[in-house]
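# Close look at the chain arrangement
Next come the chains, spelled out residue by residue.
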Amino acid sequence: MKALERQTRTRLMQLFERHGIHPRHDLGQNFLIDLNLLDFIIEQAELSFDDVILEIGAGTGGLTGSLARDSAEVVSVEIDRTLHRILPEVVGHLSNVTLLQRDALKNKNRFAPEVIDVVREKLAADPERRLKLIANLPYNIASPVISNLVASDLPWERMVVTIQWEPAQRMVAGPGDPQYGSLSIWLQSQCRLRVLKKLPPSVFWPRPQVHSAILLVQPDLEARGRIADRAFFQDYLRRSFGLRRKLLRGVLTGMYRKQLSKADVDGILDELGLAPNSRAEELPVDTHVALANRLHARIDERDSNSA
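An account of the accompanying structure is given in this report. In this text the structure is predicted, and so the values were computed from the model without any measurement.

Calculation notes
Residues numbered from 1 in each chain as written. Predicted model: local features only at pLDDT ≥ 70, side-chain atom pairs only at ≥ 80, totals over all residues. Heavy atoms only, no water. Helix = DSSP H or I, 4+ residues; strand = E, 2+ residues; numbered from the N terminus. Buried < 20%, exposed > 50% of the residue type's maximum accessible area, 1.4 Å probe, protein only. Contact = heavy atoms within 4.5 Å. Areas by Shrake-Rupley, 256 points an atom, 1.4 Å probe, with all protein chains shown as cover. Lys, Arg positive; Asp, Glu negative; His and termini not counted. Charge placed at Lys NZ, Arg CZ, Asp CG, Glu CD. Axes fitted to C-alpha atoms, helices over the stretch in contact; angles between N-to-C directions. Parallel < 35°, antiparallel > 145°, perpendicular 65-115°, else oblique. Left-handed = near helix turned anticlockwise from the far one by under 90°. Nonpolar A, V, L, I, M, F, W, Y, C, P; charged D, E, K, R; others polar. Phe/Tyr/Trp six-rings, centres within 6.5 Å; stacked < 30°, edge-to-face > 60°. Lys NZ or Arg CZ within 6 Å of the ring centre and 35° of its normal. Pairing = 2+ DSSP bridges. Core = buried A, V, L, I, M, F, W, Y, C linked by side-chain atoms within 4.5 Å.

## So, the overall build of the chain
- Each helix and strand in the chain was counted, giving 13 helices and 11 strands.
- In terms of its C-alpha atoms, the chain occupies a principal-axis envelope of roughly 70 × 40 × 30 Å.
- A total of 307 residues make up the chain; the buried ones form 52% of that total.
- Here the analysis covers contacts within the chain between residues at least 6 apart in sequence; of these, 67% occur between residues at least 24 apart.
- Accessible area for the chain stands at about 14500 Å²; split by element, carbon and sulfur atoms hold 47% of it.
- For the chain, the centre of its 41 positive side-chain charges and the centre of its 39 negative side-chain charges are spaced 5 Å apart.

This is how it looks when you write it as structure tokens:
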């Protein structure tokens, strides 16, 4: 088998020069060139031959080959047509790598169906297969990619991703932290998250203007099972944190004015021991889950009675 290519800064510069191209800032093309960190990502991925790997932002394939070496399949997605033409030169000899040239997202709330179809096809080859997202994610799509995978019904069991430092901090933030918000609660209500490393700009080429993080995300199926309706919960979080600094009572009354009365909202808040002057940004994750569940149940009850 052809030896895996180790993409140092010098090697990447030579590759780009040979093809007469330059990294694109508009696509967030900053390539991880610290080989020890690439090895660390592979180590944290805990790869096995039951794994189907989704890699979004394949770039020049610096991570792809190592992922393919120890997994069943790699579905590697790259939006840049120019880089996509380079990838076969680097990983084209690997029979278990599928290269897709497209945006991984249809929109910010949904994966591109073509990507999901290929992932499902690879998973269906063996009932033991499980999905992992292992990627140096483009900064501008990192949050929706992670959020959408959590929202999906795909059997994912691990994410090890390089993302911008500030979104990583938002994902792990707790009540009272200015960065705590709907994304924090959505992920923490269903996952265990841990920032594994903070990365300085110097480990990338070209150097970004910000620090980055390697983030580990694992599903928490028990916690996820406590959410009565995940679509309702996600909508509740997006809308309630759109007015995060306003009093929760007024926000909820406005959000559900067609389904619930003010007395209904007051009754639910009272049941949970929440003061009328509570704000969404102050409540812990479990309280948001309980509140959304009560709202959902009351709306269902009213719909049933009016049917």
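What follows continues from the structure just given.
## Overview of the packing of helix α12 (residues 262-271) against helix α13 (residues 285-306)
- Packing of α12 against α13 brings their axes to within 10 Å, and their N-to-C directions diverge by 140°. Overall, the two elements α12 and α13 adopt an arrangement that is oblique. As for how α12 packs across α13, the hand of that crossing is right-handed. Contacts from D264, I268, L269 and E271 of α12 reach α13 at L291, R294, L295, R298 and R302.
- Tallied by class, residues from the contact of α12 with α13 come to 4 nonpolar, no polar and 5 charged.

## Topic: the packing of aromatic side chains
- Scanning the model with the defined rule gives 7 aromatic pairs in all.
- The structure contains a cluster of three or more aromatic residues connected by ring pairs, namely F16, F31 and W205.
- In this structure, K198 packs its charged tip against the face of W165, placed 4.6 Å from the ring centre.

## Considering helix α11 (residues 248-255)
- Regarding α11, the residues found buried are L248, V251, L252, T253 and M255.
- Contacts made by the buried residues of α11 are with α10 (230-240), α12 and α13.

## Considerations on the pairing of strand β11 (residues 212-219)
- For β11, a buried count of 7 out of 8 residues is recorded, marking the element as mostly surrounded by other parts of the structure.
- Across 6 bridges, strand β8 (residues 156-164) lies against β11 in antiparallel orientation. Bridging across to β11, V160 finds its partner in L216.
- Pairing of strand β9 (residues 191-199) with β11 involves 8 bridges; the strand directions are antiparallel. Bridge pairing in β11 links L199 to S212.

## Points about helix α6 (residues 142-151)
- Most of α6 sits inside the fold, with 9 of its 10 residues counted as buried.
- Turning to α6, its buried residues are A142, S143, P144, V145, I146, S147, N148, L149 and V150.

## What to know about the nonpolar core
- With 66 residues, the main nonpolar core has I56, Y236, L252 and L291 as its most contacted residues.
- If one sorts the elements of this core by residue count, α13 sits on top with 6 residues.
- Those residues in contact with L252 that lie beyond four places of it in its chain are Y236, V265, L269, L291 and L295.
- Counting residues in hydrophobic clusters, the runner-up holds 35 residues, among them L94, V160, I214 and L216.

In short, shape yes, function no, at least from these values alone.
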